[in-house]
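As a plain string of letters, each chain reads:
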Amino acid sequence: MSPSEKILERLVSFPTISRDSNAELINYLRDYLAEFGIDSFLVSNDENTKFNLYAVIGPDGPGGVLLSGHTDVVPIEGQDWTVAPFCASRQGGRIYGRGTTDMKGFIACVLAMVPRAVAAKLAEPIHLVFSYDEEIGCIGIRGMLDVLEVKQVKPSYCIVGEPTSMQIGIAHKGKIGMTCRCHGASAHSALTTEGLNAIYLACDMIVEIRNLHNELSSASLHKEFGVPHSTLHVGTIEGGTALNIIPNYCEFKFEIRNIEADNAGLLLKRLQNSARTMARRYRNKFEASDICIEVFNQYPALQIEQDAEILGFVGDLLDNNEIIGIDFGTEAGMISSRLSIPAVVCGPGSMDQGHKPDEFILRSELERCDTFLSRLVHRLSQ
Ligand SMILES: [Zn+2]
């Protein structure tokens, strides 16, 4: 068993589902790094139950590379697992377990690299950032980025090791998550002129959202993505209390996932304007008429130019330097924009296996990532 496989087994054994604490896993990381004389810096959530970890290998100077990964995993509830999700098992060329591909496999390879990096006497540093609560909207890393911004940590490049089958992800979409609250006026359902149906307000607003989606899908084609344009989507809706009451309240949750070329803020503004106009239409008769959109989470898109230096740098460390766009969000956009450094997404495993029952990673993928990181150490020690 390779060192990275051995470490991955250990990492999988910590059930770090986003809602739960990741303290045990972080303690393990901290102890592991300490064995090689590397100090860790932790940034916790307000409740002191979840932690980001930051560490530096090598000289305390400029340049170098930031390797970044999240320690949390998605839940297993409602999924039909045939193997134990938090006890890694090997079958042929595969290692099964929650988080093997998304993305403890990468973290295991990074840890396995540490002794080599320490022995290599690096000329430029390798920065490590391991975060929490990525799976619920890149929440955890924000506190760490606040600190890194103040510390003026600014390596030359960042590599986020989400599973890309070791291809180079140069773009992913940004996201805004929102709640739309629609306020109408209650009345007996037989007296339709006496009430303002909040579910109808929501429906009208949802038509606006669908229209905007359709407009975007015909406008710009970005072939690097599976879905080659920005998207809007309504995920949940709730309203009304009984069939014979005109509902005075309805709310729904929706999202905008934007490519970098589409300004998500402007798209949101357009919807907010529509909401205002729509609600105003009824205000003469129904004072309460209102539609408001509340943002509860957002992160920026990532877009690296095809001729950017980082692509040459990372490409040299790989056997093939295939460039791809990624349909799921990652921390790369946020790291890149907050620290003003170029970031790409490149890691072992495939997201085809992520978030599913019987998640697995190919052992050959870990091997490829080990080779990649060995070359990185070699490159930075020259
Ligand atoms: Zn992930």
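Here the structure is a predicted model, which is why all the values come from computation and not from measurement.

**A closer look at the coordination of the zinc ion**
Tetrahedral coordination by four donors puts the ideal angle at the metal at 109.5 degrees, and octahedral coordination by six puts it at 90 or 180 degrees.
Working step 1: With distances of 1.9 to 2.6 Å, the protein atoms coordinating the zinc ion are His 70 (NE2), Asp 102 (OD), Glu 162 (OE) and Glu 162 (OE).
Working step 2: Given four donor atoms and angles of 54 to 142 degrees at the metal, the environment of the zinc ion is assigned as irregular.
Working step 3: Donor residues binding the zinc ion come from one chain and are separated in sequence as H-x31-D-x59-E. A residue pair is termed long-range when its members are at least 10 positions apart, and His 70 in strand β3 (residues 65-70) and Asp 102 in helix α3 (residues 100-119) qualify at 32 residues.

**As for the packing of aromatic side chains**
Working step 1: Tallying each qualifying case throughout the model produces six aromatic pairs.
Working step 2: Considering the side-chain rings of Tyr 28 and Tyr 32, the 6.3 Å spacing of their centres and the 40 degrees angle between planes classify their relative orientation as tilted. Residue Tyr 28 and its partner Tyr 32 are both found in helix α2 (residues 23-35); the two are separated by four residues, about one turn of the helix.
Working step 3: Exposure remark for Tyr 28: the relative accessible area of 15% places this residue in the buried category.
Working step 4: Residues Tyr 96 and Phe 360 carry aromatic rings whose centres are separated by 5.4 Å and whose planes lie at 55 degrees to one another, so their mutual orientation is tilted. With a gap of 264 residues between them, Tyr 96 in strand β5 (residues 94-96) and Phe 360 in strand β18 (residues 360-362) connect regions that are remote in the sequence.

**So, the domain arrangement of the protein chain**
Interface size is commonly expressed as the accessible area that is lost once the parts come together.
Working step 1: According to the domain assignment, the protein chain contains domain 1 (3-172 + 301-380) and domain 2 (174-299).
Working step 2: For domain 1 versus domain 2, the separation of C-alpha centres amounts to 36 Å.
Working step 3: Contact residues are listed per partner, giving 16 residues for domain 1 and twelve residues for domain 2.
Working step 4: Buried area between domain 1 and domain 2, both sides added, is near 1,000 Å², and the carbon and sulfur share of it is 53%.
Working step 5: On the domain 1 side of the interface with domain 2, the three residues burying the most area are Ala 301, Gln 303 and Asp 327, jointly 45% of the side's total.
Working step 6: Where domain 1 packs against domain 2, one counts zero salt bridges.
Working step 7: At the boundary of domain 1 with domain 2, the tally comes to six residue pairs in polar contact (both at pLDDT 80 or more).
Working step 8: Counting residues per element, the ones that place at least two in the side of domain 1 that touches domain 2 are β8 (168-172) and β16 (323-326).
Working step 9: Looking at the side of domain 1 that touches domain 2, the element that brings in the most residues is β16, giving three residues.

**As for the nonpolar core**
Working step 1: Counting residues in hydrophobic clusters, the biggest one holds 82 residues, and the most contacted among them are Leu 29, Leu 67 and Ile 126.
Working step 2: Tallying contributions element by element places α3 first for this core, with eleven residues.
Working step 3: Formed jointly, this core draws a minimum of three residues from each of two domains, domain 1 (3-172 + 301-380) and domain 2 (174-299).
Working step 4: Every residue in contact with Leu 29, bar those within four places of it in the chain, is listed here: Leu 11, Leu 53, Thr 71, Ile 107, Leu 111 and Phe 130.
Working step 5: One finds Leu 216, Phe 254, Leu 271 and Ile 291 within the second-largest nonpolar core, a separate group that totals 29 residues.

Calculation criteria
Residues numbered from 1 in each chain as written. Predicted model: local features only at pLDDT ≥ 70, side-chain atom pairs only at ≥ 80, totals over all residues. Heavy atoms only, no water. Donors = N, O, S within 2.8 Å, 3.2 Å for Na, K, Ca; no water. Tetrahedral: all angles 85-135°; square planar, octahedral: opposite > 155°, others 65-115°. Helix = DSSP H or I, 4+ residues; strand = E, 2+ residues; numbered from the N terminus. Phe/Tyr/Trp six-rings, centres within 6.5 Å; stacked < 30°, edge-to-face > 60°. Buried < 20%, exposed > 50% of the residue type's maximum accessible area, 1.4 Å probe, protein only. Domains from an automatic or database assignment. Contact = heavy atoms within 4.5 Å. Buried area = accessible area lost by both parts, 1.4 Å probe. Salt bridge = Lys/Arg side-chain N within 4 Å of Asp/Glu carboxyl O. Polar contact = N/O pair within 3.5 Å; in protein donor to acceptor, adjacent residues only side chain to side chain. Core = buried A, V, L, I, M, F, W, Y, C linked by side-chain atoms within 4.5 Å.

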